[in-house]
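Results of the structural survey
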Amino acid sequence: MRRGILGNVGAMFFACFSLLAVSTAAVLFISNSAKADDPRALKARMAGAALAWSADNGRLRPFMQAFPKGADLHTHLRGAIYAESWIEWAAEDGLCADMSVPALRFKQGETCEASGWITAAAAQASEDHRRELIDSMSNRSYVPTLNWSGHNDFFATFARISVSPKRLGDQLAEVASRAGRQNILYLELMETIIFPELFPLLGDVKLSGDLAADYQTLMTGAFGEAMPDLVESARRQLRQAYARKDALLKCGTPDADAGCDVKIRFLHQVIREFNPAMVYGQFILGWALMQDESKVLGMNLVAPEDGHVALRDYSLHMRMIDHLYRNLGPQNISLHAGELTMGLVRPKQLTFHIREAIELGHAKRIGHGIDIAYEHDTEGLLRRMANEGIMVEINLTSNDTILGIKGKDHPLVMYRDMEVPYAISTDDEGVSRTDLTHEYMRLYREHQVPYFELRYSSRNSLSYSFLPGDSLWASDACKKEVETGSQAGAECAAFLKASEKASLQWELEKRFRAFEDEQRIPERKRRSFK
């Protein structure tokens, strides 16, 4: 039997919400007609009424910002940083600004001027240059023009960013602080921690296409010899970054930033637009990191899915993952798949990416999944995703900007109808100039998603995270105590202690209770304006 999107409580909500007028009278109606209801369900229904009132009275942003959000599971660290921060760090670190692009650059000569550029500090001090850099490193001020699409504008930004490696901790501090202010508990950040070091090790290696033999070629060569050092370098960089983040946010002090309470883990990010040896080597390195570094929980494959190499080698990349999965052991895989639409690529290339990501790539989550309607046997694939709990990471603003897909044209409509689990995420909030609160607002406005389903999406973001341990919902004792709003009993407490994931899910439920307890619809006096 297929799982319902909202469960029994959601069904109750749909039956009741149509009867509610968002007014003081509605509050009285709820109070009088639902006395026999479960107290937590009543509080949640009250929150739904408050949500509708907030949307109609200019208060949707404060409501959604306070709304507890479990996690942002589809977010690229580099894309999450706002351009102003890149400029600020470049100015402090003595980098340059190439205003012909515009872009931030490392010095090629002894000075920025000798390199043919100006200093980043000078660019920051100039209002015109600063504005041009911000627009160049984000989608701010983007307007579609001939031969320049939102897709082009988005992906061009990353080559224009240069940053000192020592700023990894600063990046973590920025995204953690922003998440903390939005009542987000967890970030699963995609980042390529080791990359330039791979070029001398893999750049000239030719593979045969026999994945078993190619694995041996790589591991018996310079790349395999360097593997322990590469893994240790990644671990060292992560340790330093976490320490820097904690120092910047004053964690452990009375002045600690809200971001100190945000848990951060990583997905190893494989860049696919390179020769097979570079891609295979990144996959192999990812497997080593996932096995040896507790802060790296999974892996993803990035870069434009419509790129020449990405399209040419898509099935090869899936087979690489399959070979490692079967021979080195299962790992957590989330894959960008189906971030394509009609017109961007040839029709035949819309028909198999999501299916291969699941069948060969062993993806537990699919990022974007926009071209699902073009896949062979769409309905069968959707049923499989629903039955196997393969979640879709939905990125509304990103899909609108890059692919021009929004509203009823967005496949979220289909995923919801077929009861495929989903969660809302940001993709690249710094480039898009948005945040997770905005994405929840957009979900509510564009898809008329009720409060119970917003809560479902938030819960999914932790349930389908790669945090270790069993889900909270695997414990009957904990489920009962969530439903009643009671404290964790001995059985539930023992379960929470044994599961990092369940422990964070329990914290989310506590925040939901606190949030729902606070929701009210204020009484307003009517005013006439003469």
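Above this note sits the structure.
Residues numbered from 1 in each chain as written. Predicted model: local features only at pLDDT ≥ 70, side-chain atom pairs only at ≥ 80, totals over all residues. Heavy atoms only, no water.

Focus on the environment of Ala-66
Relative to the assigned elements, Ala-66 resides in helix H4 (residues 60-66). Sequence-wise, Ala-66 and Ser-398 are 332 residues apart; in three dimensions their C-alpha atoms are separated by 23 Å. Among all residues touching Ala-66, those that are not within four sequence positions of it are Asn-183 and Phe-515. (Helix = DSSP H or I, 4+ residues; strand = E, 2+ residues; numbered from the N terminus. Contact = heavy atoms within 4.5 Å.)

Some words on the environment of Phe-512
Here Phe-512 shows up in helix H26 (residues 500-518). Looking at Phe-512, the relative accessible area reads 1%, which means it is buried. Separated by 395 residues in sequence, Phe-512 and Trp-117 place their C-alpha atoms 52 Å apart. Excluding residues within four positions of it along the chain, Phe-512 makes contact with Arg-40, Phe-67, Pro-68, Tyr-451, Arg-455, Ser-458 and Arg-459. (Buried < 20%, exposed > 50% of the residue type's maximum accessible area, 1.4 Å probe, protein only.)

A closer look at the nonpolar core
Phe-223 and Met-385 are the most contacted members of the largest nonpolar core, which totals 136 residues. The biggest single contributor to this core is helix H14 (residues 276-292), with 11 residues. If we skip the residues at most four places from it in the chain, Met-385 touches Ile-354, Ile-358, Ile-366, Ile-372, Ile-390, Val-392, Tyr-415, Val-420 and Pro-421. By size, the runner-up hydrophobic cluster in this structure holds nine residues, among which are Leu-472, Ala-477, Val-482 and Phe-495. (Core = buried A, V, L, I, M, F, W, Y, C linked by side-chain atoms within 4.5 Å.)

Regarding the sheet that holds strand S8 (residues 334-337)
If you walk across this open sheet you meet the four strands as S8-S9-S10-S11, and the pairing is parallel. Two strands close off the open sheet at either side, each with one partner strand: S8 and strand S11 (422-424). Direction aside, neighbouring strands of the sheet carry axes that sit 25 degrees apart on average. In this structure, strand S9 (residues 365-368) lies alongside strand S10 (residues 391-394), joined through three bridges in parallel fashion. If you follow Arg-365 over to S10, its bridge partner there is Met-391. (Pairing = 2+ DSSP bridges. Axes fitted to C-alpha atoms, helices over the stretch in contact; angles between N-to-C directions.)

As for helix H24 (residues 476-484)
Within an α-helix, residues lying three or four positions from one another point in the same direction, as the helix has 3.6 residues per turn. Every buried residue of H24 is listed here: Ala-477, Cys-478, Glu-481 and Val-482. Along H24, the residues classed as buried sweep out an arc of 135 degrees about the axis, all on the same side. Residues Asp-476, Lys-480 and Glu-483 are exposed on H24 and point more than 90 degrees away from its buried face. Structurally, H24 contributes buried residues whose contacts are with helix H3 (39-56), helix H23 (451-463), helix H25 (490-498) and H26. Positive phi appears at Gly-485, one or two residues downstream of H24, with a value of about 75 degrees. (Arc of directions from axis to C-beta.)

Details of the sheet that holds strand S2 (residues 96-98)
Spatial ordering of the open sheet is given by S3-S2-S4, a layout of three strands whose pairing is antiparallel. The sheet is open, and its two borders are formed by strand S3 (103-105) and strand S4 (118-119), each paired with just one other strand. In this structure, S2 lies alongside S4, joined through two bridges in antiparallel fashion. Each residue of the ladder has a partner; that of Cys-96, found in S4, is Thr-119.

As for the pairing of strand S1 (residues 69-76)
In terms of residue burial, S1 counts as a mostly covered element, since eight of its eight residues are buried. Bridge count for S1 against strand S5 (residues 184-191) is five bridges, and the pairing is parallel. The residue of S5 that forms the bridge with Thr-75 is Leu-189.

Re the packing of aromatic side chains
Counting across every chain of the model gives 16 aromatic pairs. When the ring of Phe-67 is compared with that of Tyr-451, the centres are 5.8 Å apart and the planes differ by 80 degrees; the resulting orientation is edge-to-face. Of this pair, Phe-67 sits in the loop between H4 and S1 while Tyr-451 sits in helix H23, placing them 384 residues apart in sequence. When sorted by exposure, Phe-67 lands in the same class as Tyr-451, which is buried. With centroids separated by 6.2 Å and ring planes inclined at 70 degrees, the aromatic side chains of Tyr-242 and Phe-266 adopt a geometry described as edge-to-face. In this pair, Tyr-242 sits in helix H13 (residues 222-248) while Phe-266 sits in strand S6 (residues 263-271), placing the two residues 24 residues apart along the sequence. There is no split in this pair, since Tyr-242 and Phe-266 are both buried. Within the aromatic cluster, the residues linked to one another by ring pairs are Phe-63, Phe-67, Tyr-440, Tyr-451, Phe-452, Phe-512 and Phe-515. The side chain of Lys-295 reaches across the aromatic face of Tyr-242, ending 4.9 Å from its centre. The ring of Trp-506 is capped by Arg-513, whose NZ or CZ atom sits 5.6 Å from the centre of that ring. (Phe/Tyr/Trp six-rings, centres within 6.5 Å; stacked < 30°, edge-to-face > 60°. Lys NZ or Arg CZ within 6 Å of the ring centre and 35° of its normal.)

Regarding the side chain of Asp-98
Its location among the elements puts Asp-98 in strand S2. Residue classification places Asp-98 among the buried residues on the basis of a relative accessible area of 10%. Sequence-distant contacts of Asp-98, that is, excluding residues within four places in its chain, are made with Ala-103, Arg-105 and Trp-117.

Some remarks on unusual backbone geometry
Residue Val-101 is joined to Pro-102 through a cis peptide bond whose omega torsion reads -10 degrees. Within the secondary structure, Pro-102 is located in the loop between S2 and S3. If you check the backbone angles, Asn-183 has positive phi at about 60 degrees while not being a glycine. A positive phi angle is found at Arg-433, which is not glycine, with a value near 60 degrees. Considering the arrangement of structural elements, one finds Arg-433 in the loop between helix H21 (429-432) and helix H22 (436-447). Taking relative accessible area as the criterion, Arg-433 reaches 26% and is therefore assigned partly exposed.

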